[in-house]
Amino acid sequence: MSYLFLLPAFGFFLLFVAYPMLRGVYISFFDYSLRSFEFVGLHNYISLFHNETFLKSLRNTFLLVVIAVPIVIVFSVFVAMNIYKTKEVIRSFFRGVFYLPAVSSVVSITVVWGWIYHPNYGILNYLTGLFGFEPISWLGDTRTALLAIIAVLITTSVGQPIILYVASLGNIPTSYIEAAQIDRATPWQIFVKIIWPMLMPTNLYIIVITTINTFQCFALIQLLTSGGPIYSTSTVMYGVYEQAFLLGNFGLASAMGVCLAIMIGIISVIQFKYFGSDVEY
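Scope of this entry: the structure provided in the associated data block.

Rules used throughout
- Residues numbered from 1 in each chain as written.
- Predicted model: local features only at pLDDT ≥ 70, side-chain atom pairs only at ≥ 80, totals over all residues.
- Heavy atoms only, no water.
- Helix = DSSP H or I, 4+ residues; strand = E, 2+ residues; numbered from the N terminus.
- Buried < 20%, exposed > 50% of the residue type's maximum accessible area, 1.4 Å probe, protein only.
- Contact = heavy atoms within 4.5 Å.
- Areas by Shrake-Rupley, 256 points an atom, 1.4 Å probe, with all protein chains shown as cover.
- Lys, Arg positive; Asp, Glu negative; His and termini not counted.
- Charge placed at Lys NZ, Arg CZ, Asp CG, Glu CD.
- Axes fitted to C-alpha atoms, helices over the stretch in contact; angles between N-to-C directions.
- Parallel < 35°, antiparallel > 145°, perpendicular 65-115°, else oblique.
- Left-handed = near helix turned anticlockwise from the far one by under 90°.
- Nonpolar A, V, L, I, M, F, W, Y, C, P; charged D, E, K, R; others polar.
- Polar contact = N/O pair within 3.5 Å; in protein donor to acceptor, adjacent residues only side chain to side chain.
- Core = buried A, V, L, I, M, F, W, Y, C linked by side-chain atoms within 4.5 Å.
- Patch = residues over 30% accessible without salt bridge, like charges linked within 9 Å, V, L, I, M, F, W, Y side chains within 5 Å.
- Salt bridge = Lys/Arg side-chain N within 4 Å of Asp/Glu carboxyl O.
- 1 Å grid on protein atoms, 1.4 Å probe; cavity = no way out; pocket = protein on both sides within 12 Å on 5 of 7 lines; lining within 4 Å.
- Points joined across faces, edges and corners; volume = space filled by probe spheres on them.

**Let's talk about the overall build of the protein chain**
Helix and strand content of the protein chain: 14 helices and two strands. By principal-axis analysis of the C-alpha atoms, the protein chain measures approximately 75 × 65 × 35 Å. Within the protein chain, buried positions represent 39% of all 281 residues. For the protein chain, restricting intrachain contacts to residue pairs at least 6 apart in sequence, the fraction spanning at least 24 positions comes to 66%. Accessible area for the protein chain stands at about 17000 Å²; split by element, carbon and sulfur atoms hold 70% of it. In the protein chain, which carries 12 positive and 11 negative side-chain charges, the distance between the mean positions of the two groups comes to 6 Å.

**A short note on the packing of helix 4 (residues 88-103) against helix 8 (residues 159-169)**
The geometry of helix 4 relative to helix 8 is characterised by a closest axis approach of 8 Å and an angle of 150 degrees between their N-to-C directions. With respect to helix 8, the element helix 4 is oriented roughly antiparallel. In the packing of helix 4 onto helix 8, the handedness of the crossing is left-handed. Contacts between helix 4 and helix 8 involve Arg 91, Arg 95, Phe 98 and Tyr 99 from the former and Gly 159, Gln 160, Ile 162, Ile 163 and Val 166 from the latter. In terms of residue class, the contact of helix 4 with helix 8 is made up of five nonpolar, two polar and two charged.

**Quick word on the side chain of Thr 128**
Summarising the element assignment, Thr 128 is placed in helix 6 (residues 123-129). Only 3.0 Å separates the side chain of Thr 128 from the backbone oxygen of Asn 125, close enough to count as a polar contact. Apart from residues lying up to four places away in sequence, Thr 128 is in contact with Phe 133 and Trp 138.

**What to know about the nonpolar core**
Within the largest apolar cluster, 64 residues are counted, with the highest numbers of intra-cluster contacts made by Leu 48, Leu 64, Ile 73, Tyr 117, Tyr 165, Leu 169 and Ile 195. Considering every element that reaches this core, the biggest residue donor is helix 3 (residues 52-84), with 13 residues. Apart from residues lying up to four places away in sequence, Leu 64 is in contact with Val 69, Leu 146, Ile 149, Ile 150, Leu 153, Thr 214, Cys 217 and Thr 235.

**Topic: a nonpolar patch on the surface**
Taken together, the side chains of Phe 10, Phe 12, Phe 13, Leu 14, Leu 15, Phe 16, Val 17 and Met 21 make up a nonpolar region of the molecular surface, amounting to roughly 820 Å² of accessible area. Topologically, Phe 16 is positioned in helix 1 (residues 2-27).

**Some details on empty space enclosed by the protein**
On inspection of all chains with the given rule, the structure shows one cavity of 30 Å³ or more. Of the pockets and cavities examined, the largest cavity occupies roughly 70 Å³. Every residue lining the largest cavity is listed: Asn 51, Thr 53, Phe 54, Ser 57, Ser 234, Gly 239, Glu 242, Gln 243 and Met 256. Going through the elements one at a time, helix 3 and helix 13 (236-246) are the ones with two or more residues in the lining of the largest cavity. When its residues are assigned to classes, the lining of the largest cavity shows two nonpolar, six polar and one charged.

**Here we look at unusual backbone geometry**
The phi torsion of most residues other than glycine is negative, and most of the peptide bonds are trans. With omega at -5 degrees, the peptide bond leading from Gly 228 into Pro 229 counts as cis. Positioned with a positive phi, Ser 226 is a non-glycine residue whose angle comes to about 55 degrees. Among the structural elements, Ser 226 can be located in the loop between helix 12 (219-224) and helix 13. Residue classification places Ser 226 among the partly exposed positions, given a relative accessible area of 41%. The phi torsion at Tyr 231 lies on the positive side, around 60 degrees, for a residue other than glycine. Mapping Tyr 231 onto the fold places it in the loop between helix 12 and helix 13.

**Concerning the side chain of Gln 243**
Relative to the helices and strands, Gln 243 is located in helix 13. Residue contacts for Gln 243: discarding those within four places in its chain leaves Gly 248, Asn 249, Leu 252, Ala 253 and Met 256.

See the structure below:
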């Protein structure tokens, strides 16, 4: 009977997750477009690493992960530590404020940020203009476009980590912290030796999920810059969309998707190995 209850969800998984994944791997070995379907072996994978646009997208993707994920973790822990010390009403208020972007539409948030970054009537240029700075095309300049995307990505990624960290801090026995305070441990020593190790299970989940979501960043890129200017904000995920649905190269797009999945898998295994070890209390 239990397998019958599992059958609808399992069937959905096979039809809409497992089959498309396997089909994508299969297509990646073909020159698949609207005009042809010819087996080419590893040609798509080899051509990727000779494709300057893909290499630039790969670099941008890793920059997003390397910059955004640590900032999200550090900021979330900092906010959670301060929220947790407040009264329940204030704590609930700030949890709601920070979690609001997580439950809001990505499209609506991106549109608002597009207005903020607008070079002519955006509020960001208005505020910088008060200090005598010249207007900047935040999304149209190769020097600032990727940083602007990272800023939006961070604001939409901190909601869930903050909620989880606040909950995890409530599970840390206060007796440990009180004993450390009696031994005259500094707040930094208490955090490093007690709080941070006991947050490891939460760290593992947040780091893995945030990394995967950052690797798959697409909506922000597509709506704000479409990979421009000069592919300075293009990511591997946007490259998959561009090759498949704009250029019709489904085989090459599938190869890019497989490469992205392999990279995410390798990094996730490393994260599980480092953060998933049992903590001795």
